[in-house]
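# Coordinate inspection notes
Each chain, letter by letter, is given below.
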Amino acid sequence: TLIRPPLGSLLWLPAVALADRTPVGNSAYLIWPHLLACLVSFLSALAAFCTMRPSLGTTMALWATLLFVAERLFVRFAALAMVDILVTGLALATIAAWTHGRRRGRFVWFVVAGAGMGAAMLTRYNLPILPVAIVLGECLSAAAARRIASRRVLGLFVAGITAATVFYAGHVWTFSLA
């Protein structure tokens, strides 16, 4: 596509900068991006565990995370400098922060969830479905409880403003580099 989301490319800049400090033809151009991709994969698996642990318990969340990392596409893409696992990890971290914010009622977790949403949308442009899913989940939760929790509604606004700020600030910063 002509317009590529910037976060995936910007993530690999430190690895390329480290490789540029080595002599030409060095294997660092191959090693550093793959090590960074493995770190992103590990953090995505950690986000999967943190997302599932509150509802499944520690043991079942570990089993579910094992199934997540043993899946064929995760195994194939874990060491590659691609955005698929990064997007998955950001979406899972957003959901984990959102559910933690719902349970604890602290706005800092809604800000973290909004930052994750904005970063996910900076990684892949079809991710604005993530805030829509969270809003829909909150509407269904309010309908089931037959009451609207004002803190959660305020949390939606805080997360939405944070996501928009991260998304637009990321684009401004990216285009200022060009």
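Relevant structure appears above.
Below, the discussion takes up the overall build of the protein chain. Helix and strand counts for the protein chain stand at nine helices and zero strands. Tracing the protein chain from N to C terminus, the helices and strands come up as α-α-α-α-α-α-α-α-α. The dimensions of the protein chain, computed from C-alpha atoms along their principal axes, are 65 × 40 × 30 Å. Burial status across the protein chain gives 34% buried among its 178 residues. Of all intrachain contacts in the protein chain linking residues separated by at least 6 positions in sequence, the fraction that spans at least 24 positions is 66%. Of the roughly 11,000 Å² of accessible surface on the protein chain, a fraction of 72% belongs to carbon and sulfur atoms. On the protein chain, the mean spot of the 14 positive side-chain charges and the mean spot of the 4 negative ones are 14 Å from each other.

Here we take up a nonpolar patch on the surface. Residues Leu18, Leu30, Ile31, Trp32 and Leu35 make up a contiguous nonpolar surface patch of roughly 480 Å² in combined accessible area. Within the secondary structure, Ile31 is located in helix H3 (residues 28-56).

This brings us to unusual backbone geometry. In this structure, Arg146 is a non-glycine residue whose phi angle is positive, near 60°. Within the fold, Arg146 resides in the loop between helix H8 (129-145) and helix H9 (150-177).

It is worth spelling out empty space enclosed by the protein at this point. Using the criterion set out here, one finds one cavity of 30 Å³ or more in the structure. One number sums up the size of the largest cavity: a volume of about 40 Å³. Lining the largest cavity we find Trp12, Ala37, Val40, Ser41, Phe77, Ala78, Leu80, Met82, Ile85 and Leu86. Elements supplying a minimum of two residues to the lining of the largest cavity: H3 and helix H6 (84-104). The element contributing the most residues to the lining of the largest cavity is H3, with three residues.

This part covers helix H7 (residues 107-123). Given 3.6 residues per turn, any residue in an α-helix points the same way as the ones three and four places further on. Helix length check: H7 (17 residues) gives 24 Å between terminal C-alpha atoms against 24 Å at 1.5 Å per residue, within 8%. Along its buried surface, H7 packs onto helix H1 (6-11), H6, H8 and H9.

Leu90, Trp98, Met117, Ala120, Met121, Leu127 and Leu130 are the most contacted members of the largest nonpolar core, which totals 20 residues. Elements that contribute at least two residues to this core include exactly H6, H7, H8 and H9. For this core, the element with the highest residue contribution is H7, accounting for seven residues. Discounting chain neighbours no more than four positions away, the residues touching Leu127 are Val87, Ala120 and Met121.

Our focus in this paragraph is the state of the cysteines. Per the stated rule, a full pass over the model turns up zero disulfides. The cysteine Cys38 is free of any disulfide, with Cys50 supplying the nearest cysteine sulfur at 19 Å. In this structure Cys38 comes out as partly exposed when scored by relative accessible area, which is 38%.

The next subject is the packing of H7 against H9. Contact pair H7 / H9: the axes reach a minimum separation of 7 Å and the direction vectors enclose 40°. Considering their axes alone, H7 and H9 lie oblique with respect to each other. Pair H7 / H9 crosses with right-handed handedness. On H9, the residues touching Phe107, Phe110, Val111, Gly114, Ala115, Met117, Gly118, Ala119, Met121 and Leu122 of H7 are Arg151, Leu154, Gly155, Val158, Ala159, Thr162, Ala163, Val166, Phe167, Gly170 and His171. Per-class residue counts for the contact of H7 with H9 are 14 nonpolar, six polar and one charged.

Thresholds applied
Residues numbered from 1 in each chain as written. Predicted model: local features only at pLDDT ≥ 70, side-chain atom pairs only at ≥ 80, totals over all residues. Heavy atoms only, no water. Helix = DSSP H or I, 4+ residues; strand = E, 2+ residues; numbered from the N terminus. Buried < 20%, exposed > 50% of the residue type's maximum accessible area, 1.4 Å probe, protein only. Contact = heavy atoms within 4.5 Å. Areas by Shrake-Rupley, 256 points an atom, 1.4 Å probe, with all protein chains shown as cover. Lys, Arg positive; Asp, Glu negative; His and termini not counted. Charge placed at Lys NZ, Arg CZ, Asp CG, Glu CD. Patch = residues over 30% accessible without salt bridge, like charges linked within 9 Å, V, L, I, M, F, W, Y side chains within 5 Å. Salt bridge = Lys/Arg side-chain N within 4 Å of Asp/Glu carboxyl O. 1 Å grid on protein atoms, 1.4 Å probe; cavity = no way out; pocket = protein on both sides within 12 Å on 5 of 7 lines; lining within 4 Å. Points joined across faces, edges and corners; volume = space filled by probe spheres on them. Expected span 1.5 Å × (residues − 1). Core = buried A, V, L, I, M, F, W, Y, C linked by side-chain atoms within 4.5 Å. Disulfide = S-S within 2.5 Å. Axes fitted to C-alpha atoms, helices over the stretch in contact; angles between N-to-C directions. Parallel < 35°, antiparallel > 145°, perpendicular 65-115°, else oblique. Left-handed = near helix turned anticlockwise from the far one by under 90°. Nonpolar A, V, L, I, M, F, W, Y, C, P; charged D, E, K, R; others polar.

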